[in-house]
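Chain by chain, the residues:
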Amino acid sequence: MNRRLVIGYAALRIGYAVALLVAPARTARPWLGEVAEEPGTTIAARGLGARDLVISSGALASAASGRSARSWLAACAASDAVDLLATLAADGDRLPAKAKPATAAAAGVFGAAAAVLAAREA
């Protein structure tokens, strides 16, 4: 059961990662606002997408092959914690109104899910 959960979880993260790589401004706009259109922001968003693609693919490959995905899931949880803390520390007046609560919900849920799944891994 845990293996299927890890595969599903990793697949969701891979979808988000691909969206950041293919359409960084569109994907990051709800989180970052108008600055998502700026070249420097699209570079950073693609970097975030690449990071998530690598760690999520590692989790998926490990789970699909029957190996433990614990380290990959721990990396997912840590990266979500960093994203959450960075967003909460940002100047809220320069972000979309829903950016902080939405990031807290998304990164909080995905980070907590990764931590729980990692704890259940052998």
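Residue indices begin from 1 for each chain and proceed along its sequence in written order. Where local features are concerned, this predicted model is filtered to residues with pLDDT of at least 70; where side-chain atom pairs are given and counted, the filter is 80 or more; whole-chain, interface and lining totals use all residues. Only heavy atoms go into the side-chain values, all of them from the structure, while hydrogens and water stay out.

1. Points about the pattern of salt bridges
Working definition: two side chains of opposite charge can pair if their charged atoms are close together.
No. 1: A carboxyl oxygen of Asp or Glu within 4 Å of a side-chain nitrogen of Lys or Arg is what we treat as a salt bridge. Throughout the structure, instances matching the rule amount to five salt bridges.
No. 2: Where D80 meets R13, a salt bridge forms, and the shortest distance between an N and an O atom there is 2.7 Å. Taken as a pair, D80 in helix α4 (residues 70-89) and R13 in helix α1 (residues 2-22) lie far apart in primary sequence, 67 residues in all.
No. 3: Think of it in three bands: residues with accessible area under 20% of the maximum for their type are buried, residues over 50% are exposed, and the middle band is partly exposed, with areas taken using a 1.4 Å probe on protein chains only. Under the relative-accessibility criterion, R13 is labelled buried at 4%. Only DSSP runs of H or I reaching four residues or more are called helices, and only runs of E reaching two or more are called strands; each is numbered from the N terminus.

2. Focus on helix α2 (residues 24-32)
No. 1: If you check which residues of α2 are buried, you get P24, A25 and A28. Angularly, the buried residues of α2 cover 80° about the axis, an arc narrow enough to put them on a single face. The exposed set on the far side of α2, more than 90 degrees from its buried face, consists of R26 and P30.
No. 2: Buried residues along α2 sit in contact with α1 and α3 (39-64).
No. 3: Of the residues trailing α2, G33 is marked for its positive phi of about 80°. By arc we mean the arc of the directions from the helix axis to the C-beta atoms, nothing more. We call two residues contacting when some pair of their heavy atoms lies within 4.5 Å.

3. Details of the packing of α1 against α3
Each packed pair of helices is defined by two parameters, the angle between the axes and the distance between the axes.
No. 1: What counts as an axis is a line fitted to C-alpha atoms, over the stretch in contact for a helix, and the angles between N-to-C directions run from 0 to 180 degrees. Axis separation between α1 and α3 bottoms out at 8 Å; the angle between their running directions is 155°. By the angle between their directions, the pair α1 and α3 is classed as roughly antiparallel. For the crossing formed where α1 meets α3, the hand is left-handed.
No. 2: For the contact of α1 with α3, a count of residues per class yields 19 nonpolar, three polar and four charged. Orientation is classified from the angle alone, with under 35 degrees giving roughly parallel, over 145 giving roughly antiparallel, 65 to 115 giving roughly perpendicular, and any other angle giving oblique. Crossings are assigned a handedness: left-handed for a near helix turned anticlockwise from the far helix by less than a right angle, right-handed for a clockwise turn. Throughout, the ten residues Ala, Val, Leu, Ile, Met, Phe, Trp, Tyr, Cys and Pro are labelled nonpolar, Asp, Glu, Lys and Arg are labelled charged, and all others, Gly among them, are labelled polar.

4. Overview of the nonpolar core
No. 1: Judged by nonpolar contacts, the single largest core of 13 residues is most densely connected at V6, Y9, A59 and L73.
No. 2: Listed by contribution, the elements that provide at least two residues to this core are α1, α3, α4 and α5 (99-120).
No. 3: Other than its neighbours up to four places away in sequence, V6 contacts A59, A63, A69, L73, L117 and E121.
No. 4: L20, A28, A45 and L48 belong to the second largest nonpolar core, which has five residues in total. Nonpolar core, defined: a set of buried Ala, Val, Leu, Ile, Met, Phe, Trp, Tyr and Cys residues in which side-chain atoms within 4.5 Å join the residues together.

5. Structural notes on the packing of aromatic side chains
No. 1: For Phe, Tyr and Trp, rings pair up if their centres lie within 6.5 Å, where Trp contributes its six-membered ring, and each pair is then called stacked (planes under 30 degrees apart), edge-to-face (over 60) or tilted (otherwise). Under the definition given, this model contains one aromatic pair.
No. 2: Ring plane angle 35° and centroid distance 5.7 Å describe the contact between Y9 and F110, whose orientation is recorded as tilted. Taken as a pair, Y9 in helix α1 and F110 in helix α5 lie far apart in primary sequence, 101 residues in all.
No. 3: For Y9, a relative accessible area of 6% puts it in the buried group.
No. 4: Residue F110 is classed as partly exposed on the basis of its relative accessible area of 30%.

The analysis is restricted to geometry; functional conclusions fall outside its scope.
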